[in-house]
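What follows is each chain in one-letter form.
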Amino acid sequence: MSPSRVDHQALFSVLPSPYLVLDADLTVVDVNEMYLRVTGRTREELIGQYLFDIFPDNPEDPAADGIRTLSTSLQRVLRTKESEALAVQRYDLPVPGRPGAFQERWWSPVNTPVLGPDGEIEWIVHRVEDMTEFLLSRPVHDTPAGRVRTRAVTEAELYARARQLQETNEKLRAAHDWERRTALALQDVMLHAPDLAAHRGIAVRYMPATRSLNVCGDWYDVVDLDDDSFTVAVGDVVGHGLEAAAVMGMLRSALSAAVRAIHEPGAAMDLLSRYSRSFEGALATTAAKAVVDTRGRRITYTCAGHPPPVLGRRDGPAVLLDQATDPPLGVLTEQRPRPQATVSYEPGDTLVLYTDGLIERRGEDIDAGLLRLTDAVAHHADLDPEPLADALLTRLGVADGGRDDIALVVVRL
């Protein structure tokens, strides 16, 4: 059975609500039949025109703010790339064929961004519901104070509630922005890796999950041990947001301190595991650590419930370093040291550590993601670390972020 084909242009044309499509410059690029009907315009009058040239504010209404309100919303959508619904607003329309005449109109608008392949906004879909008929149809009633138009009362109440809603939304946005900036500043401090600056052959990427507060529980770290060795690590705390980020900061600092005192990655991870049992939020955290011995050209690594690092050979396939895996941090195991394994490398090889957001996909076996990653590392083995990190994110479909947090470290050996 062949898949059905939908004529999206025909579907858009007959949608029962009024729709207008704008480009990033707020120029009209398309419009459906219902929008033409409720505004009394033709396609020729709208297509290719700047939105606010077509629909100016009513100069006879000193309180008119339709342009300001709608323009602010559209600019915010362009900036945040998120859909926004506005409270019911009054935005009078010019009467066709009568210069200077305006007709009272009330609208309930929603602005929705449409992203292109590069993740940037190509269009904004502007949908409106015309509330005018409802408001203007309210009857007149007699009261002890005289004849009162229910419509006028409804208008005033509706407008007041709309204003309150909009002001509340503005305050919530400001509060959310402050919280996000505070969290990002805190996370920047917690992720600071002073030794990283000396390693031109290391690239890192840090990408919180899309639709999150932009903070997360994943981490990376780079620590110099002596002139001939350094260590790299990644970890993943369960959960997202500020609580996970706080736990991440504690565990990352503890492991960084442990590996400076105990150069063996297995023993350092064992110490971190015992430490993680002291607070509930750290349970089931996963981590991977590798110590690179540049003189002996050896990598010694260990994984605590974490996806295995990848070693990309300069002249061969990429392999998974999966010979030293134990349960996540805090999980009680037999009284034995956490395992570690050692593998040799050649100059020009590439070591990749990452968190599971890079490879895991809903409804798919993790082995499929690991195969994609090893294939991508081998395919792009000739790239320097910075472009290689970008290529891996692109090949695995998370260049613009994914459903889960991602930390990625690419080391040219």
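In this report, the structure presented in the accompanying data block is examined. (Residues numbered from 1 in each chain as written. Predicted model: local features only at pLDDT ≥ 70, side-chain atom pairs only at ≥ 80, totals over all residues. Heavy atoms only, no water.)

Another aspect to go through is the overall build of the protein chain. What the protein chain contains, in helices and strands, is eleven helices and 21 strands. By residue count, 46% of the 413 residues in the protein chain fall in the buried class. Within the protein chain, contacts between residues at least 6 apart in sequence are counted, and of these 60% link residues at least 24 apart. Accessible area for the protein chain stands at about 21,400 Å²; split by element, carbon and sulfur atoms hold 53% of it. (Helix = DSSP H or I, 4+ residues; strand = E, 2+ residues; numbered from the N terminus. Buried < 20%, exposed > 50% of the residue type's maximum accessible area, 1.4 Å probe, protein only. Contact = heavy atoms within 4.5 Å. Areas by Shrake-Rupley, 256 points an atom, 1.4 Å probe, with all protein chains shown as cover.)

With that out of the way, let us pick up the pattern of salt bridges. All chains considered together, the criterion is met by 20 salt bridges. In this structure, Glu129 engages Arg127 in a salt bridge whose closest nitrogen and oxygen atoms are separated by 2.9 Å. The class of Glu129 is partly exposed, set by a relative accessible area of 29%. The closest approach of N and O atoms between Asp315 and Arg314, which form a salt bridge, is 3.4 Å. Asp315 sits in the exposed class, given a relative accessible area of 70%. Of the residues examined, Arg314 reaches a relative accessible area of 49% and is grouped as partly exposed. Three or more residues are tied together by salt bridges with common partners; here these are Arg90, Asp92 and Glu104. (Salt bridge = Lys/Arg side-chain N within 4 Å of Asp/Glu carboxyl O.)

This brings us to the sheet that holds strand β17 (residues 318-320). Pairing is antiparallel across the open sheet formed by five strands, whose spatial order is β11-β21-β20-β16-β17. One side of each edge strand has no neighbouring strand; the edge strands of this open sheet are β11 (202-207) and β17. Across the sheet, the axes of successive neighbouring strands diverge by a mean angle of 15 degrees, strand direction being ignored. Pairing geometry for strand β16 (residues 310-312) and strand β20 (residues 350-354), over three bridges, is antiparallel. Along β20, the bridge assignment pairs Val310 with Val352. Lying on the sheet, helix α10 (residues 366-379) is in contact with β16, β17 and β20; it crosses β17 at an angle near 145 degrees. (Pairing = 2+ DSSP bridges. Axes fitted to C-alpha atoms, helices over the stretch in contact; angles between N-to-C directions.)

Note that strand β1 (residues 19-23) and strand β2 (residues 28-31) share three bridges and pair antiparallel. Its bridge partner being in β2, Leu20 is matched across the sheet by Val31. Once β1 ends, the chain turns through four residues before running back antiparallel as β2, passing Leu26 with a positive phi of about 65 degrees.

What follows deals with the nonpolar core. Soluble, globular proteins show a tendency: their nonpolar side chains are buried together. If you look at the biggest cluster of nonpolar residues, it comprises 26 residues, and the most contacted ones within it are Ile202, Val232, Ile299, Leu351, Val409, Val411 and Leu413. Looking at this core, the elements that each hand over two or more residues are β11, β12 (216-226), β13 (229-240), β14 (286-293), β15 (298-304), β19 (341-344), β20 and β21 (406-412). Here Leu351 is in contact with Val232, Ala290, Val292, Ile299, Pro309, Val310, Leu321, Val409, Val410, Val411 and Leu413, once residues within four sequence places are set aside. One finds Met34, Val38, Leu51 and Val77 within the second-largest nonpolar core, a separate group that totals 24 residues. (Core = buried A, V, L, I, M, F, W, Y, C linked by side-chain atoms within 4.5 Å.)

What follows is about the pairing of β14. Among the eight residues of β14, eight are classified as buried, and the element is accordingly described as predominantly covered. Taking every second residue as pointing to the same face, both faces of β14 are buried, with Thr286, Ala288, Ala290 and Val292 on one and Ala287, Lys289, Val291 and Asp293 on the other. Note: β14 against β15, seven bridges, orientation antiparallel. Bridge assignment links Lys289 to a residue of β15, and that residue is Thr302. Hairpin connection, β14 to β15: the antiparallel pair is bridged by four residues, and Arg297 has positive phi, about 50 degrees.

With 15 residues, helix α5 (residues 66-80) extends 21 Å from end C-alpha to end C-alpha; this agrees with the ideal 21 Å at 1.5 Å per step. Lys81 sits one or two positions beyond α5 and adopts a positive phi of about 60 degrees. (Expected span 1.5 Å × (residues − 1).)

Our focus in this paragraph is helix α11 (residues 385-395). Pro385, Leu388, Ala389, Ala391, Leu392 and Leu393 are the residues of α11 that are buried. Among the structural elements, β11, β20, α10 and β21 are those in contact with the buried residues of α11. At the C-terminal side of α11, Gly397 shows a positive phi close to 75 degrees.

The next subject is the side chain of Arg205. Note that Arg205 resides in strand β11. A distance of 3.0 Å separates the side chain of Arg205 from the side chain of Asp390, its partner in a polar contact. Setting aside its immediate chain neighbours within four residues, Arg205 contacts Glu386, Ala389, Asp390, Leu393, Ile406, Ala407 and Leu408. (Polar contact = N/O pair within 3.5 Å; in protein donor to acceptor, adjacent residues only side chain to side chain.)

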